[in-house]
Amino acid sequence: IPVRNYIPRRALMYVPGSDFKKINKSFSLEADCIALDCEDGVALNKKEQARTNIRAVLDQGKPEKSKYFDLGVRVNSIESGLCHQDLEYCLSGKNLPDTILLPKVEESDHLNWVHFPLPTSFYLPYIA
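Residues numbered from 1 in each chain as written. Predicted model: local features only at pLDDT ≥ 70, side-chain atom pairs only at ≥ 80, totals over all residues. Heavy atoms only, no water.

A. Examining helix α3 (residues 83-90) more closely. Taken as a whole, α3 has its buried residues at Cys83, Asp86, Leu87 and Cys90. When α3 is viewed along its axis, its buried side chains cluster within an angular range of 95 degrees and face the same direction. (Buried < 20%, exposed > 50% of the residue type's maximum accessible area, 1.4 Å probe, protein only. Helix = DSSP H or I, 4+ residues; strand = E, 2+ residues; numbered from the N terminus. Arc of directions from axis to C-beta.)

This is the structure:
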């Protein structure tokens, strides 16, 4: 049985993925987890920009900080119809987020859905 080391997250900061200024500012703060947001923090007409920005941030690699932090992506809910495209963007590059935050999970089928619609070349990081 694989053992996953638990890393406590005392401060989780959601940052709108559509706003590079806020993303860059978040990396100067001491949050245990920075979640680049595609969901509620992003207006519907900015979703595509958020996906593009998040992919660009991930492509640059995780920024160096003095202490470990988790770099996650909060995708849209499955019910929204936007989740699959969010996952395709954030899981398509060489650098992946540490965590995928899946909001509004209301039934076990939502968790099963995350694993099946994606090509087998995608690796799913930790899902919270």
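Having seen the structure, we can now continue with the description.
B. Here's a closer look at helix α2 (residues 47-60). With 14 residues, α2 should reach 20 Å at 1.5 Å per residue; the first-to-last C-alpha distance of 20 Å fits that figure. Gly61 lies just past α2 and shows a positive phi near 95 degrees. (Expected span 1.5 Å × (residues − 1).)

C. Representation of the state of the cysteines in the model. Scanning the entire structure with this criterion turns up 0 disulfides. For Cys83, which is in no disulfide, the shortest distance to another cysteine sulfur is to Cys90 and amounts to 8.5 Å. (Disulfide = S-S within 2.5 Å.)

D. Examining the packing of aromatic side chains more closely. Taken as a whole, this structure holds 1 aromatic pair when the rule is applied. Geometrically, the ring pair formed by Phe27 and Phe69 is tilted, given 6.2 Å between the ring centres and 55 degrees between the ring planes. Placement of Phe27 in the loop between α1 (20-26) and β2 (33-37) and of Phe69 in the loop between α2 and β3 (70-74) is noted, with a sequence separation of 42 residues between them. Note on accessibility: Phe27 and Phe69 belong to one class, buried. (Phe/Tyr/Trp six-rings, centres within 6.5 Å; stacked < 30°, edge-to-face > 60°.)

E. How the structure looks around the pattern of salt bridges. For the structure on display, the rule yields 10 salt bridges. In this structure, Lys22 and Asp19 form a salt bridge, with 3.8 Å as the shortest nitrogen-oxygen distance. Here Asp19 falls in the partly exposed class, since its relative accessible area comes to 23%. The structure contains a network of salt bridges with shared partners spanning Asp37, Glu39, Asp40, Arg74 and Lys104. (Salt bridge = Lys/Arg side-chain N within 4 Å of Asp/Glu carboxyl O.)

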